[in-house]
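# Residue-level structural notes
If you want the building blocks of each chain, they are given just below.
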Amino acid sequence: MAGKRPPGSGKQRWLLGLLVAVAATHLVACPYAKVEESFSLQAVHDLLYHRLDVEKYDHLEFPGVVPRTFLGPLVIAALSGPAVYVLSLLEVSKFYSQLTVRAVLGLCVIWGLWTLQKEVRRHFGATTATLFCWMTATQFHVMFYCTRTLPNVLALPVALLALTAWLRQNWARFLRLSALAILVFRAELSLLLGLVLLLLLLTRRLSVARTLRCAVPAGVLCLGLTVAVDSYFWRYLVWPEGTVLWYNTIQNKSSNWGTSPLLWYFYSALPRGLGCSLLFVPLGLVDRRARTLLWPALGFVGLYSLLPHKELRFILYVFPLLNTVAARGCAHLLNNSRKSWLYRAGSLLVIGHLVVNAAYSTTALYVSHFNYPGGVAMQRLHELVPPRTDVVLHIDSAAAQTGVSRFLEVNGAWRPSWCFWRDSSGLPEQEQRPAKDEGQCRRVAEP
């Protein structure tokens, strides 16, 4: 019958709503940004508010340790621009523009997850796809990070689409998206997507000749695009991700930011990232198709463990793959729950582990809410100081690292006399003179 809805479409939309609602809860509970998110967030701000006036861009004053690409911020700015424009017309605080920008990024990640979920449904069935959504929603890190303007998160939607193309056996699309993800966003994805490609070559599903015919033009195009765009914004010839790769691996300077033991990802990051769902990953291996997803994921984590500097967000890309394997194991228990009491007990564990995951995520979110004192102080300052007061503002490095961003410059009347000096050594000499009235110089800093 014409116009008839496919079976289960209502339930699928409900699962999509679940993912969006959980991501929104994380966004509202922790609306500020840490220093790791700073470049992309400030870049989106400048693209939205300064547009082609590049000399006013934040990164030229505070370039960071290594250059980052503008292509991700350009996409986010383009998608969030209409909503931000409406907010500006309504004279709404720029703080809500920051929420809008982060929400758009979160929707991009959820779109990638949802696209992958559809392929999981096609390969492994509705039960596995449903459990995949529930696992993702109840775990903390993917939902927490999906709205954060980290380079890894900007790369995540592209990586998810590449993995989806792999499952669909759309090799050309897989190779093109892999080139985009690796050359533009995160070079370490060459390990994960490279292992997938190696698997395709070894199983002769893809020939070397066909790989080169597709990968070389895609690589040249992506490399040319990032060099052209980023050289314009950085004001010198640069391939940002190549610079990052050289800094992190060849020079190994990422170790300056801390090191962790070799197996840290396996005994710390994966258990925290997957929660109790990790226990069901071995059970998912009952399905041979799930093993194909597992080996590239574990191989990526193993190879990346060789780099001394480790953070959980660096392996964020493998969580959806491992969740798919775990969901397949849980589906095996639920689909056989009527066969014996052992399967029924296993089914109770499946439901129980989602409850435990949700409890852990709720606790982690509550704790994370208090990790942004700089942002809270900045908002409080706007409440305490009258809008038309002549203010010179000093922001120290601790405040800049824990929530302050250009989006929090919500009072346009203050901006000409503000001084964003992210160095705890103090204000520039020309700004150290007393203001016209006592109390006009403000500091957002550690006590």
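Fair warning: this is a prediction, and the values are worked out from it, not measured in the lab. (Residues numbered from 1 in each chain as written. Predicted model: local features only at pLDDT ≥ 70, side-chain atom pairs only at ≥ 80, totals over all residues. Heavy atoms only, no water.)

## Examining the layout of surface pockets
There is about 1000 Å³ of room inside the largest pocket. Around the largest pocket, the lining is made up of 37 residues, and of these Val35, Glu36, Gly64, Val65 and Trp257 lie nearest the centre. Top contributing element to the lining of the largest pocket by residue count: helix H2 (residues 38-49), with 6 residues. In terms of residue class, the lining of the largest pocket is built from 17 nonpolar, 11 polar and 9 charged. (1 Å grid on protein atoms, 1.4 Å probe; cavity = no way out; pocket = protein on both sides within 12 Å on 5 of 7 lines; lining within 4 Å. Points joined across faces, edges and corners; volume = space filled by probe spheres on them. Helix = DSSP H or I, 4+ residues; strand = E, 2+ residues; numbered from the N terminus. Nonpolar A, V, L, I, M, F, W, Y, C, P; charged D, E, K, R; others polar.)

## Considering a nonpolar patch on the surface
A cluster of nonpolar side chains, contributed by Leu262, Leu263, Phe266, Tyr267, Trp295, Leu298, Leu303 and Leu306, occupies part of the molecular surface with about 810 Å² of accessible area. Listing elements by their share of the nonpolar patch, those giving two or more residues are helix H13 (264-274) and helix H15 (288-304). The biggest single contributor to the nonpolar patch is H15, with 3 residues. Secondary-structure assignment places Phe266 in helix H13. (Patch = residues over 30% accessible without salt bridge, like charges linked within 9 Å, V, L, I, M, F, W, Y side chains within 5 Å. Areas by Shrake-Rupley, 256 points an atom, 1.4 Å probe, with all protein chains shown as cover. Salt bridge = Lys/Arg side-chain N within 4 Å of Asp/Glu carboxyl O.)

## Some words on the pattern of salt bridges
For the coordinates displayed, the defined rule picks out 13 salt bridges. Between Arg289 and Asp287 there is a salt bridge, with its nearest N and O atoms 2.7 Å apart. By relative accessible area, Arg289 is classed as partly exposed at 41%. Note on Asp287: relative accessible area 8%, which makes it buried. (Buried < 20%, exposed > 50% of the residue type's maximum accessible area, 1.4 Å probe, protein only.)

## A closer look at unusual backbone geometry
With a phi angle near 55°, Arg51 is a residue other than glycine that sits in the positive phi range. Relative to the assigned elements, Arg51 resides in the loop between H2 and helix H3 (58-61). A relative accessible area of 56% places Arg51 in the exposed class. If you check the backbone angles, Asn252 has positive phi at about 55° while not being a glycine. With respect to the helices, strands and loops of the structure, Asn252 is situated in the loop between helix H12 (240-250) and H13.

## Concerning empty space enclosed by the protein
This model, assessed by the stated rule, comprises 2 cavities of 30 Å³ or more. Lining the largest cavity, in full, are Phe39, Ser40, Arg68, Thr69, Pro151, Leu154, Val184, Phe185 and Glu241. Residues belonging to the lining of the largest cavity are distributed by class as follows: 5 nonpolar, 2 polar and 2 charged. Its boundaries defined by the atoms lining it, the second largest cavity holds a volume of some 40 Å³. The wall of the second largest cavity is formed by Ala33, Lys34, Ser38, Leu41, Gln42, Ala400, Val404 and Ser405. Among the elements that line the lining of the second largest cavity, the one with the most residues is H2, at 3 residues.

## Considering the packing of helix H4 (residues 71-89) against helix H5 (residues 94-124)
Each pair of packed helices can be summarised by the angle the axes make with each other and by the distance between the axes. It is the contact of H4 with H5, at a shortest axis distance of 9 Å, that shows an interaxial angle of 145°. Between H4 and H5 the crossing geometry is right-handed. Where H4 approaches H5, its residues Ile76, Leu79, Ser80, Ala83, Val84 and Leu87 are matched on the opposing element by Tyr96, Ser97, Thr100, Val101, Val104, Leu105 and Cys108. Its residues assigned to classes, the contact of H4 with H5 comprises 10 nonpolar, 3 polar and no charged. (Axes fitted to C-alpha atoms, helices over the stretch in contact; angles between N-to-C directions. Left-handed = near helix turned anticlockwise from the far one by under 90°. Contact = heavy atoms within 4.5 Å.)

## With respect to the packing of helix H9 (residues 171-185) against helix H10 (residues 189-202)
Here H9 crosses H10 at 160°, and the two axes come no closer than 10 Å. Regarding the angle of H9 to H10, the classification is roughly antiparallel. Read as a crossing pair, H9 and H10 show a hand that is left-handed. Here Trp171, Phe174, Leu175, Ser178, Ala181 and Ile182 of H9 lie close against H10, whose contacting residues are Leu189, Ser190, Leu193, Val196, Leu197 and Leu200. (Parallel < 35°, antiparallel > 145°, perpendicular 65-115°, else oblique.)

## Digging into the environment of Ala165
Tracing the backbone shows Ala165 in helix H8 (residues 151-167). Under the relative-accessibility criterion, Ala165 is labelled buried at 2%. Taking the C-alpha atoms as reference points, Ala165 and Thr115, 50 residues apart in sequence, are found 9.7 Å from one another. Not counting chain neighbours up to four residues away, the residues in contact with Ala165 comprise Asn170, Arg173 and Phe174.

## Description of the packing of aromatic side chains
Enumeration over the complete set of coordinates arrives at 19 aromatic pairs. Ring centres of Phe70 and Trp234 lie 6.4 Å apart, and the angle between their planes is 70°; this geometry places the pair in the edge-to-face category. You can see Phe70 sitting in the loop between H3 and H4 and its partner Trp234 sitting in helix H11 (residues 208-234), a full 164 residues away along the chain. Side by side, Phe70 and Trp234 carry an identical accessibility label, which is buried. Between Phe300 and Tyr304, the ring centres sit 5.5 Å apart and the planes meet at 40°, which makes this aromatic pair tilted. Here Tyr304 and Phe300 lie together in helix H15, a separation of 4 residues that amounts to about one turn. Both residues of the pair, Phe300 and Tyr304, belong to the buried class. The lysine or arginine in question, Lys34, covers the ring of Tyr372, its NZ or CZ lying 5.2 Å from the ring centre. The ring centre of Tyr232 lies 5.1 Å from the NZ or CZ of Arg235, which sits over that ring. (Phe/Tyr/Trp six-rings, centres within 6.5 Å; stacked < 30°, edge-to-face > 60°. Lys NZ or Arg CZ within 6 Å of the ring centre and 35° of its normal.)

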